[in-house]
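# Close look at the chain arrangement
One letter stands for each residue in the lines below.
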Amino acid sequence: MTTRPIITLPDEKTLRQVSKPIAQVDAATRALFDDMLETMYAAPGIGLAAIQIGVPLRALVIDLSKEGEDKRPLFVANPEIVASSAELSDYEEGCLSIPDYFEMVQRPREITVRYRDRNNEAMELQATGLLATCLQHEIDHLNGVLFIDHISKLKRDRVLKKFQKAAKLGKL
Ligand code: NI
């Protein structure tokens, strides 16, 4: 397992890519999952999509366990949201690719996701609360969508400018 550098804004060229489906979850995919998990734990974060370490494949990892609890990693390949509740919930979201920025985002409260697990088994998961939010946030990454796309244009432009300016000044 290796910790890999996390791609952050202003690198929209990478982060806006649409990731490709994984033909089969094999040893190479599992090695990718392991690197993603280690990178996420080191950050630390609760979710990471492959594109955030520069790999444009439809893979994500999530672990919502709290400090001191046993780790509960979730490995997800080729996720598809097959149902979403009409009811919405608000969460203050952040993203390892947009460091130190948090904003309220509204998303469906409950979703059903089909995916392949670490052993290439077809799975279906019904998620609610933080897990539902986290899955939607990470699945967005696979489509080149960032959580700031769900906030006002004014706020989004302000964040993008801040990161562009910091990069220009060599602070990133
Ligand atoms: Ni993110």
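The structure presented is a predicted model; accordingly, all values stated were derived computationally and were not measured.

This brings us to the coordination of the nickel ion. Of the protein atoms, only Cys-95 (SG), His-137 (NE2) and His-141 (NE2) coordinate the nickel ion, at distances of 2.1 to 2.3 Å. Between the donor residues of the nickel ion, the gaps in sequence give the motif C-x41-H-x3-H. Within this pair, His-137 and its partner His-141 are both found in helix H3 (residues 129-142), separated by four residues, close to a single helical turn. For His-137, a relative accessible area of 6% gives the class buried.

Here we come to helix H2 (residues 27-42). A turn of α-helix holds 3.6 residues, and therefore any two residues three or four places apart point the same way. Between its first and last C-alpha, H2 extends 23 Å over 16 residues, near the 22 Å set by a 1.5 Å rise per residue. Along its buried surface, H2 packs onto strand S1 (47-49), strand S2 (59-62) and strand S3 (74-84). Between the side-chain oxygen of the N-cap and the backbone nitrogen of Ala-28 there are 3.1 Å, and the N-cap of H2 in question is Asp-26.

The next subject is the nonpolar core. Core analysis: the largest hydrophobic core is formed by 16 residues, its most contacted members being Leu-60, Ile-62, Leu-74, Ile-111, Val-113, Tyr-115 and Leu-135. Among the elements that line this core, the one with the most residues is H3, at five residues. Counting residues in each nonpolar core, the second largest holds 15 residues, with Val-25, Ile-53, Val-61 and Phe-75 among its members.

Time to look at the pattern of salt bridges. Pairing between side chains of opposite charge can happen when their charged atoms approach one another. Within this structure, the stated rule accounts for 11 salt bridges. Across the salt bridge formed by Glu-69 and Arg-72, the nearest N and O atoms sit 3.3 Å from each other. We classify Glu-69 as partly exposed; its relative accessible area is 38%. As a salt-bridge pair, Asp-157 and Lys-153 come within 2.7 Å of each other at their nearest N and O atoms. Of the two residues, Asp-157 and Lys-153 are both situated in helix H4 (residues 153-168); the distance of four residues between them amounts to about one turn of the helix. Assessed through its relative accessible area of 26%, Asp-157 is described here as partly exposed. A single salt-bridge network, built from bridges that share partners, covers Glu-12, Arg-16 and Asp-149.

Our next topic: the layout of surface pockets. In this structure, the largest pocket occupies an estimated 370 Å³ of space. Ile-46, Glu-93, Gly-94, Cys-95 and His-137 are the residues nearest the centre of the largest pocket, which is lined by 23 residues in total. Of all the secondary-structure elements, those providing two or more residues to the lining of the largest pocket are strand S4 (88-95), strand S5 (98-108) and H3. The residue inventory of the lining of the largest pocket, partitioned by class, reads 12 nonpolar, seven polar and four charged. Counted as a void, the second largest pocket has a volume near 170 Å³. Its residues placed into classes, the lining of the second largest pocket shows three nonpolar, three polar and five charged.

Criteria and cut-off values
- Residues numbered from 1 in each chain as written.
- Predicted model: local features only at pLDDT ≥ 70, side-chain atom pairs only at ≥ 80, totals over all residues.
- Heavy atoms only, no water.
- Donors = N, O, S within 2.8 Å, 3.2 Å for Na, K, Ca; no water.
- Helix = DSSP H or I, 4+ residues; strand = E, 2+ residues; numbered from the N terminus.
- Buried < 20%, exposed > 50% of the residue type's maximum accessible area, 1.4 Å probe, protein only.
- Expected span 1.5 Å × (residues − 1).
- Contact = heavy atoms within 4.5 Å.
- Polar contact = N/O pair within 3.5 Å; in protein donor to acceptor, adjacent residues only side chain to side chain.
- Core = buried A, V, L, I, M, F, W, Y, C linked by side-chain atoms within 4.5 Å.
- Salt bridge = Lys/Arg side-chain N within 4 Å of Asp/Glu carboxyl O.
- 1 Å grid on protein atoms, 1.4 Å probe; cavity = no way out; pocket = protein on both sides within 12 Å on 5 of 7 lines; lining within 4 Å.
- Points joined across faces, edges and corners; volume = space filled by probe spheres on them.
- Nonpolar A, V, L, I, M, F, W, Y, C, P; charged D, E, K, R; others polar.

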